[in-house]
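Here are the chains, one letter per residue:
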Amino acid sequence: RFKNTTGAEIITDGGKIEFNNQGRTKDLEIGQFYKVINNYFKRLNKESYLWCASIMLEDEWTEEPQEMKFRLINIEAANRGVKVERIFIFSKNRIKEFKDNKTLKIYMQSNINTMFVDYDEILKKEPELIKIVGNGWDGIDKDTLIMDLPETSKQRGYISINNKDVTKAYNCFQKLKEYSKNLKDILK
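None of these values were measured; they are calculated from a predicted model.

### Quick notes on unusual backbone geometry
Phi angles above zero are rare outside glycine, and Asp 141 is one such case at about 50 degrees. Examined against the element boundaries, Asp 141 turns out to sit in the loop between strand E6 (137-140) and strand E7 (144-148).

### Some thoughts on the nonpolar core
For soluble globular proteins, the rule of thumb is that nonpolar side chains tend to be buried together. Core analysis: the biggest nonpolar cluster contains 35 residues, and Tyr 40, Phe 41, Phe 90 and Leu 187 have the highest contact counts within it. Those elements that place two or more of their residues in this core are strand E2 (15-19), helix H1 (30-42), strand E3 (49-54), helix H2 (65-79), strand E4 (83-90), helix H3 (95-98), helix H4 (102-108) and helix H8 (183-186). In terms of residue count, the dominant contributor to this core is H1 (six residues). Formed by 24 residues, the second largest nonpolar core is a distinct cluster that contains Ala 53, Leu 129, Trp 137 and Leu 149.

### Re the pairing of E7
Counting buried positions along E7 yields five of five residues, so the element is predominantly enclosed. Of the two faces of E7, both are covered, the one formed by Thr 144, Ile 146 and Asp 148 as well as the one formed by Leu 145 and Met 147. In the sheet, E6 pairs with E7 via four bridges, with the strands oriented antiparallel. Among the inter-strand pairings, Gly 139 is bridged to a residue of E7, identified as Leu 145. Between the end of E6 and the start of E7, which pair antiparallel, lie three residues, with Asp 141 showing a positive phi angle near 50 degrees. Sheet analysis places E7 next to strand E8 (residues 157-160), joined by four bridges and oriented antiparallel. Its bridge partner lying in E8, Met 147 is registered against Tyr 158.

### Digging into the sheet that holds E8
Each strand in a sheet pairs with its neighbour through backbone hydrogen bonds, running either in the same direction (parallel) or in the opposite one (antiparallel). Pairing is mixed across the open sheet formed by seven strands, whose spatial order is E8-E7-E6-E3-E4-E5-E9. Edge positions in the sheet fall to E8 and strand E9 (181-182), since each of these pairs with one other strand and no more. Where H1 meets the sheet, its contacts fall on E3, E6, E7 and E8, and the angle it forms with E7 comes to roughly 145 degrees. Sitting on the sheet, helix H7 (residues 163-179) is in contact with E3, E4, strand E5 (113-118), E6, E7, E8 and E9, with an inclination near 75 degrees to E3.

### Focus: the pattern of salt bridges
Once their charged atoms are close, side chains differing in charge can pair, the charge on each being opposite to the other. Applying the stated criterion across every chain, the model contains ten salt bridges. Put simply, Arg 24 and Asp 27 hold a salt bridge, and the shortest N to O gap is 3.3 Å. Under the relative-accessibility criterion, Arg 24 is labelled partly exposed at 26%. With a shortest N-O distance of 3.5 Å, Asp 100 and Lys 105 are connected by a salt bridge. Here Asp 100 falls in the exposed class, since its relative accessible area comes to 58%. Given a relative accessible area of 33%, Lys 105 falls into the partly exposed group. Shared partners join several salt bridges into a network, and the residues in it are Glu 67, Asp 148 and Arg 156.

About the thresholds
- Residues numbered from 1 in each chain as written.
- Predicted model: local features only at pLDDT ≥ 70, side-chain atom pairs only at ≥ 80, totals over all residues.
- Heavy atoms only, no water.
- Helix = DSSP H or I, 4+ residues; strand = E, 2+ residues; numbered from the N terminus.
- Core = buried A, V, L, I, M, F, W, Y, C linked by side-chain atoms within 4.5 Å.
- Buried < 20%, exposed > 50% of the residue type's maximum accessible area, 1.4 Å probe, protein only.
- Pairing = 2+ DSSP bridges.
- Contact = heavy atoms within 4.5 Å.
- Axes fitted to C-alpha atoms, helices over the stretch in contact; angles between N-to-C directions.
- Salt bridge = Lys/Arg side-chain N within 4 Å of Asp/Glu carboxyl O.

Below is the structure:
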(Lines give C-alpha, C1' and ligand atoms only; values in the text may rest on other atoms or scores of the structure.)
Protein backbone atom coordinates (compact mmCIF):
# COMPACT_ATOMS: atom_id res chain seq x y z
CA ARG A 1 0.00 0.00 0.00
CA PHE A 2 1.37 3.39 -0.94
CA LYS A 3 0.47 6.61 0.81
CA ASN A 4 0.81 9.81 -1.20
CA THR A 5 2.52 12.31 1.11
CA THR A 6 6.00 13.83 1.08
CA GLY A 7 7.26 10.26 1.08
CA ALA A 8 5.81 6.88 0.27
CA GLU A 9 4.67 4.22 2.66
CA ILE A 10 4.73 0.53 1.84
CA ILE A 11 3.04 -2.13 3.93
CA THR A 12 5.01 -5.37 3.80
CA ASP A 13 5.09 -8.63 5.76
CA GLY A 14 7.88 -6.93 7.69
CA GLY A 15 5.51 -4.19 8.79
CA LYS A 16 5.27 -0.64 7.53
CA ILE A 17 8.30 0.98 5.97
CA GLU A 18 8.26 4.65 5.12
CA PHE A 19 10.31 6.47 2.53
CA ASN A 20 11.21 10.13 3.00
CA ASN A 21 10.86 12.66 0.18
CA GLN A 22 14.29 11.52 -1.13
CA GLY A 23 12.89 7.99 -1.56
CA ARG A 24 14.89 6.53 1.32
CA THR A 25 13.90 4.76 4.54
CA LYS A 26 15.45 5.57 7.87
CA ASP A 27 18.35 3.32 8.90
CA LEU A 28 16.72 0.03 9.92
CA GLU A 29 17.51 -2.10 12.97
CA ILE A 30 18.82 -5.60 12.21
CA GLY A 31 15.50 -7.42 12.72
CA GLN A 32 13.41 -5.00 10.66
CA PHE A 33 16.10 -4.82 7.95
CA TYR A 34 16.05 -8.60 7.43
CA LYS A 35 12.23 -8.77 7.51
CA VAL A 36 12.03 -6.11 4.81
CA ILE A 37 14.69 -7.59 2.51
CA ASN A 38 13.34 -11.12 2.96
CA ASN A 39 9.93 -9.80 1.91
CA TYR A 40 11.42 -8.08 -1.16
CA PHE A 41 13.34 -11.23 -2.18
CA LYS A 42 10.32 -13.52 -1.75
CA ARG A 43 8.36 -11.40 -4.26
CA LEU A 44 10.99 -11.68 -7.01
CA ASN A 45 10.02 -13.69 -10.11
CA LYS A 46 11.45 -14.83 -13.46
CA GLU A 47 11.35 -11.26 -14.79
CA SER A 48 13.32 -9.95 -11.79
CA TYR A 49 17.01 -9.03 -11.81
CA LEU A 50 18.92 -9.07 -8.53
CA TRP A 51 22.38 -7.49 -8.72
CA CYS A 52 24.48 -7.46 -5.58
CA ALA A 53 27.90 -6.17 -4.58
CA SER A 54 29.63 -7.33 -1.41
CA ILE A 55 32.91 -6.17 0.05
CA MET A 56 33.03 -9.20 2.34
CA LEU A 57 32.30 -7.53 5.67
CA GLU A 58 32.63 -9.79 8.70
CA ASP A 59 29.00 -9.30 9.75
CA GLU A 60 27.74 -10.67 6.44
CA TRP A 61 29.24 -14.12 6.80
CA THR A 62 28.14 -15.15 10.25
CA GLU A 63 26.09 -18.16 11.25
CA GLU A 64 23.44 -15.82 12.71
CA PRO A 65 19.91 -17.06 11.93
CA GLN A 66 19.07 -13.91 9.92
CA GLU A 67 22.15 -14.29 7.73
CA MET A 68 21.52 -18.00 7.16
CA LYS A 69 17.89 -17.28 6.21
CA PHE A 70 19.07 -14.50 3.89
CA ARG A 71 21.41 -16.93 2.09
CA LEU A 72 18.55 -19.40 1.68
CA ILE A 73 16.22 -16.72 0.29
CA ASN A 74 18.91 -15.78 -2.28
CA ILE A 75 19.18 -19.37 -3.45
CA GLU A 76 15.40 -19.85 -3.50
CA ALA A 77 15.09 -16.74 -5.70
CA ALA A 78 17.71 -18.06 -8.13
CA ASN A 79 15.96 -21.45 -8.18
CA ARG A 80 12.67 -19.71 -9.07
CA GLY A 81 14.35 -18.31 -12.17
CA VAL A 82 15.29 -14.87 -10.87
CA LYS A 83 18.46 -13.63 -12.57
CA VAL A 84 20.82 -13.26 -9.59
CA GLU A 85 24.31 -11.83 -10.01
CA ARG A 86 26.63 -11.35 -7.02
CA ILE A 87 29.99 -9.64 -7.17
CA PHE A 88 32.35 -10.32 -4.27
CA ILE A 89 35.01 -7.63 -3.95
CA PHE A 90 38.13 -8.51 -2.00
CA SER A 91 41.92 -8.40 -2.38
CA LYS A 92 43.63 -11.29 -4.16
CA ASN A 93 45.75 -11.87 -1.05
CA ARG A 94 42.54 -12.97 0.75
CA ILE A 95 41.69 -15.74 -1.75
CA LYS A 96 43.14 -18.47 0.49
CA GLU A 97 41.04 -17.14 3.41
CA PHE A 98 37.82 -17.41 1.37
CA LYS A 99 38.45 -20.84 -0.23
CA ASP A 100 36.58 -22.58 2.60
CA ASN A 101 33.94 -19.89 3.16
CA LYS A 102 30.62 -21.76 3.55
CA THR A 103 28.50 -18.97 2.09
CA LEU A 104 30.64 -18.60 -1.01
CA LYS A 105 30.61 -22.38 -1.54
CA ILE A 106 26.81 -22.46 -1.22
CA TYR A 107 26.41 -19.55 -3.67
CA MET A 108 28.87 -21.04 -6.18
CA GLN A 109 26.96 -24.36 -6.19
CA SER A 110 23.63 -22.60 -6.83
CA ASN A 111 22.05 -20.89 -9.84
CA ILE A 112 23.59 -17.58 -8.71
CA ASN A 113 26.14 -16.04 -11.07
CA THR A 114 29.03 -15.44 -8.64
CA MET A 115 31.84 -13.12 -9.66
CA PHE A 116 35.10 -11.94 -8.11
CA VAL A 117 36.50 -8.44 -8.45
CA ASP A 118 39.96 -7.58 -7.10
CA TYR A 119 39.56 -4.76 -4.58
CA ASP A 120 43.13 -3.53 -5.12
CA GLU A 121 42.75 -3.37 -8.91
CA ILE A 122 39.57 -1.29 -8.64
CA LEU A 123 41.09 0.92 -5.95
CA LYS A 124 43.98 1.67 -8.32
CA LYS A 125 42.06 2.00 -11.61
CA GLU A 126 38.60 3.32 -10.64
CA PRO A 127 38.50 4.22 -6.92
CA GLU A 128 35.15 6.00 -7.31
CA LEU A 129 33.54 2.57 -7.84
CA ILE A 130 34.67 1.50 -4.35
CA LYS A 131 33.11 4.68 -2.92
CA ILE A 132 29.81 3.93 -4.69
CA VAL A 133 29.79 0.32 -3.43
CA GLY A 134 30.29 1.61 0.12
CA ASN A 135 29.46 -1.27 2.46
CA GLY A 136 27.70 -3.21 -0.28
CA TRP A 137 24.16 -3.47 -1.58
CA ASP A 138 21.46 -5.62 -3.15
CA GLY A 139 19.86 -4.01 -6.19
CA ILE A 140 16.47 -5.12 -7.48
CA ASP A 141 15.65 -4.46 -11.13
CA LYS A 142 16.36 -0.78 -11.72
CA ASP A 143 14.12 0.55 -8.98
CA THR A 144 15.25 -0.58 -5.52
CA LEU A 145 18.54 -0.48 -3.65
CA ILE A 146 19.06 -2.23 -0.32
CA MET A 147 22.14 -0.63 1.22
CA ASP A 148 24.32 -2.09 3.95
CA LEU A 149 25.61 0.21 6.69
CA PRO A 150 29.11 0.06 8.24
CA GLU A 151 29.74 -2.82 10.67
CA THR A 152 30.21 -0.22 13.43
CA SER A 153 26.63 1.03 12.99
CA LYS A 154 23.89 -0.02 15.43
CA GLN A 155 21.54 -0.35 12.42
CA ARG A 156 22.00 -2.83 9.55
CA GLY A 157 20.93 -0.91 6.43
CA TYR A 158 18.28 1.07 4.57
CA ILE A 159 16.18 0.88 1.41
CA SER A 160 16.30 3.48 -1.37
CA ILE A 161 13.86 3.85 -4.25
CA ASN A 162 15.57 7.11 -5.28
CA ASN A 163 16.13 6.84 -9.03
CA LYS A 164 19.48 8.67 -8.86
CA ASP A 165 20.81 6.35 -6.10
CA VAL A 166 19.64 3.21 -7.89
CA THR A 167 20.96 4.27 -11.30
CA LYS A 168 24.37 5.25 -9.87
CA ALA A 169 24.71 1.85 -8.15
CA TYR A 170 23.40 -0.05 -11.20
CA ASN A 171 25.93 1.66 -13.50
CA CYS A 172 28.69 0.97 -10.97
CA PHE A 173 27.69 -2.72 -10.90
CA GLN A 174 27.80 -2.97 -14.70
CA LYS A 175 31.26 -1.32 -14.67
CA LEU A 176 32.50 -3.74 -11.95
CA LYS A 177 31.36 -6.65 -14.13
CA GLU A 178 33.94 -5.54 -16.72
CA TYR A 179 36.65 -6.33 -14.14
CA SER A 180 35.06 -9.53 -12.87
CA LYS A 181 36.17 -13.13 -13.10
CA ASN A 182 34.11 -16.19 -12.31
CA LEU A 183 34.38 -16.77 -8.54
CA LYS A 184 34.64 -20.56 -9.12
CA ASP A 185 37.84 -20.02 -11.12
CA ILE A 186 39.33 -17.86 -8.35
CA LEU A 187 38.49 -20.13 -5.39
CA LYS A 188 39.21 -23.52 -7.01
